[in-house]
Amino acid sequence: DAGVTQSPTHLIKTRGQQVTLRCSPKSGHDTVSWYQQALGQGPQFIFQYYEEEERQRGNFPDRFSGHQFPNYSSELNVNALLLGDSALYLCASSLYSGINYGYTFGSGTRLTVV
Amino acid sequence: DAKTTQPNSMESNEEEPVHLPCNHSTISGTDYIHWYRQLPSQGPEYVIHGLTSNVNNRMASLAIAEDRKSSTLILHRATLRDAAVYYCILEGSNYKLTFGKGTLLTVNP
């Protein structure tokens, strides 16, 4: 059973550019969350999508946006990239059933902004 | 968001039990206690979670204090593959996990 799949695994972008990261949730999961992890820090919550809508958002600027598709996959878009956006971006999926089964994380996309 | 406090690092020997502590004195009644671990160059991996009662699974046990202000993750026999950063996290009704810096567990052969 495939877990969470993220693409690409690594990416190098120039300051000011835009980037799109992709996530396919674990089979059977319908909710996708995105996290940013800077080097040496714990992951920080960006937002969560359920039923194609943003359900909750962390303390990130509007340059960070997302989308969830009918097949539950998701994209994270970051506009006007800054050097400080360099980080590991993690996608986590879960099942919104009223019972907490935990989250499954992907291995992440390593974004480097130069 | 309710916060957790964990030691920065701990060390254990292979095949010995490991008790990883976590304090969460501001926990609310509906907060779940989650434990995740993260190996280098990988995403966090779910270990265990609970609400009030102690929990066991194939990976670990979670002991929750009666007042819920602290918990302990127990690895019954540490292996080299258990070396990782362990995060204790409270999840409330706001659908997000708030990670701290976690505990870096070193397992000695």
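Use the structure listed above.
What comes next concerns the included structure. (Residues numbered from 1 in each chain as written. Chains lettered and ligands numbered in written order. Predicted model: local features only at pLDDT ≥ 70, side-chain atom pairs only at ≥ 80, totals over all residues. Heavy atoms only, no water.)

As for the sheet that holds strand β5 (residues 55-56) of chain B
Residue and element names in this part refer to chain B.
(1) Moving on: The strand order β2-β7-β6-β5 describes an open sheet built from four strands, whose pairing is antiparallel. Single-partner strands in this sheet number two, and they are β2 (18-23) and β5.
(2) Moving on: Where strand β6 (residues 61-64) and strand β7 (residues 70-75) come together, four bridges link them in antiparallel fashion. The residue bridging alanine 63 from the neighbouring strand is threonine 72, located in β7. (Pairing = 2+ DSSP bridges. Helix = DSSP H or I, 4+ residues; strand = E, 2+ residues; numbered from the N terminus.)

Some points on the state of the cysteines
(1) Moving on: As enumerated under the stated definition, the model contains two disulfides over all chains in all.
(2) Moving on: Across the disulfide from A:Cys23 sits A:Cys91; the S-S distance is 1.8 Å. The chirality of the disulfide connecting A:Cys23 with A:Cys91 is left-handed, given an S-S dihedral of about -60°. Of this pair, A:Cys23 sits in strand β3 (residues 19-24) while A:Cys91 sits in strand β9 (residues 87-94), and the two are 68 residues apart along the sequence.
(3) Moving on: Residue classification places A:Cys23 among the buried positions, given a relative accessible area of 2%.
(4) Moving on: One disulfide bridge connects B:Cys22 with B:Cys88, the sulfur atoms lying 2.1 Å from each other. Between B:Cys22 and B:Cys88, the S-S dihedral sits near -80°, and the bridge is therefore left-handed. Taken together, the residues span a long stretch of sequence, with B:Cys22 in strand β2 and B:Cys88 in strand β8 (residues 84-91) at a distance of 66 residues.
(5) Moving on: Look at B:Cys88 and you get buried, because its relative accessible area is 0%. (Disulfide = S-S within 2.5 Å. Buried < 20%, exposed > 50% of the residue type's maximum accessible area, 1.4 Å probe, protein only.)

Quick word on the sheet that holds strand β1 (residues 9-13) of chain B
Residue and element names in this part refer to chain B.
(1) Moving on: Taking strand neighbours across the sheet as the criterion, the five strands line up as β1-β9-β8-β3-β4 in an open arrangement whose pairing is mixed. Edge positions in the open sheet fall to β1 and β4 (45-50), since each of these has one partner strand only. Averaged over all pairs of adjacent strands, the angle between their axes in this sheet comes to 25°, without regard to strand direction.
(2) Moving on: Bridge analysis of β1 against strand β9 (residues 103-108) gives five bridges, and the strand direction is parallel. Residue serine 9 lies in a different strand from β9, and its bridge partner there is leucine 104. (Axes fitted to C-alpha atoms, helices over the stretch in contact; angles between N-to-C directions.)

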